[in-house]
Amino acid sequence: WSSRGAPPPPPRVLAPATPLPATSGLEVSLLSYNVLAAQYVLRTADGSYDGLQDQWLAWPQRFPRLANAIRAAGADVVCLQEVDLSHWHSDFLPSLAPPGAPGYVGVWQDTPGRRPGHTVGCAVLWRAERFQCDWHRALSRSLLVQLSTG
C-alpha cells in the first residue's frame, strides 16, 4: 500500500451525490471541496495513492465525477482547493460556468508574485442568479471573496 508499510485501506464506496437543501433570503449553502490537483498526484513519492486505481486518480476520469458532485450538491457558493489554473480554464469554467447559461461564475486565486510554474490555487464559484462579486483578493494561500445579493 505505501512505503510506510501500512495495510491498504478498505475499498471506498462513494455515496451518490445529493442536493443540499434549497436556500432563500439570508440562507446560503456552501460546498468546500479539495479537488486534488493532478500535479500533486504525479509528484507523490511516498506512495500515498498506491492503493488507488488509475481510474480514480487520472484527471480525465476524475473531473466528470467532481463536476457531477458539485452540480448535484447545488450549493449557492462552492470553494475549491488545489485547482490547477489550466484545469480552471479548460474544465471547471466550461462545465460549471458556461457562457450564457444559468449556473456559476467564479474567480481563481491569481496571486501576484506567484512562483514560476506554481499553477495551483483556490477558486470560488457562486450562483450568478443569487450573487454578484463586490471584490476579491488573492493572498499567499487563500482567496477572499465578498459577495452580495443582486
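Use the structure listed above.
These remarks concern the structure in this document. If you're wondering where the values come from, they're calculated on a predicted model, not measured in any experiment.

This next bit is on the sheet that holds strand β3 (residues 104-108). In space, the four strands of this open sheet follow the order β1-β2-β4-β3, with mixed pairing throughout. The open sheet has two edge strands, β1 (30-34) and β3, and neither has a second partner. Strand-to-strand twist of the sheet, defined as the mean angle between neighbouring strand axes without regard to direction, takes the value 20°. Strand direction decides the pairing type here: β1 and strand β2 (residues 77-84), joined by five bridges, are parallel. When the bridges of β2 are listed, L31 appears paired with V78. Relative to β1, helix α3 (residues 59-73) is tilted by about 165°, and along the sheet it contacts β1, β2 and β3. Where helix α4 (residues 85-96) meets the sheet, it contacts β2, β3 and β4 (120-127), and its direction lies at approximately 150° from that of β2.

Turning our eyes to something else, we now look at α3. Relative to the 21 Å expected for 15 residues at 1.5 Å per residue, α3 spans 21 Å between its end C-alpha atoms, a close match to the ideal helical length. Buried residues of α3: W59, R62, F63, L66, A67, I70 and A73, and no others. For α3, the angular spread of buried residues about the axis comes to 135°, placing them on one side. One or two steps after α3, the chain reaches G74, where phi turns positive at roughly 65°.

Running from N to C, α3 and α4 point in directions that differ by 35°, and their axes come no closer than 10 Å. Remark: the crossing between α3 and α4 carries right-handed chirality. Judged by residue contacts, W59, F63, A67, I70 and R71 of α3 engage H87, D91, F92, S95 and L96 from α4.

Another point: the nonpolar core. Among the nonpolar cores identified, the biggest contains 20 residues, and V78, L80, V83 and F92 are the most heavily contacted of them. At the level of secondary structure, the elements contributing two or more residues to this core comprise α3, β2, α4, β3 and β4. In terms of residues, this core owes the most to one element, α3, which gives six residues. For F92, the residues in contact, after removing those within four places along its chain, are V35, W59, F63, I70, L80, V83, H87 and A97. Listed in part, the eight residues of the second largest apolar core include V124, W126, A138 and L143.

The rules behind these values
Residues numbered from 1 in each chain as written. Predicted model: local features only at pLDDT ≥ 70, side-chain atom pairs only at ≥ 80, totals over all residues. Heavy atoms only, no water. Pairing = 2+ DSSP bridges. Helix = DSSP H or I, 4+ residues; strand = E, 2+ residues; numbered from the N terminus. Axes fitted to C-alpha atoms, helices over the stretch in contact; angles between N-to-C directions. Contact = heavy atoms within 4.5 Å. Expected span 1.5 Å × (residues − 1). Buried < 20%, exposed > 50% of the residue type's maximum accessible area, 1.4 Å probe, protein only. Arc of directions from axis to C-beta. Left-handed = near helix turned anticlockwise from the far one by under 90°. Core = buried A, V, L, I, M, F, W, Y, C linked by side-chain atoms within 4.5 Å.

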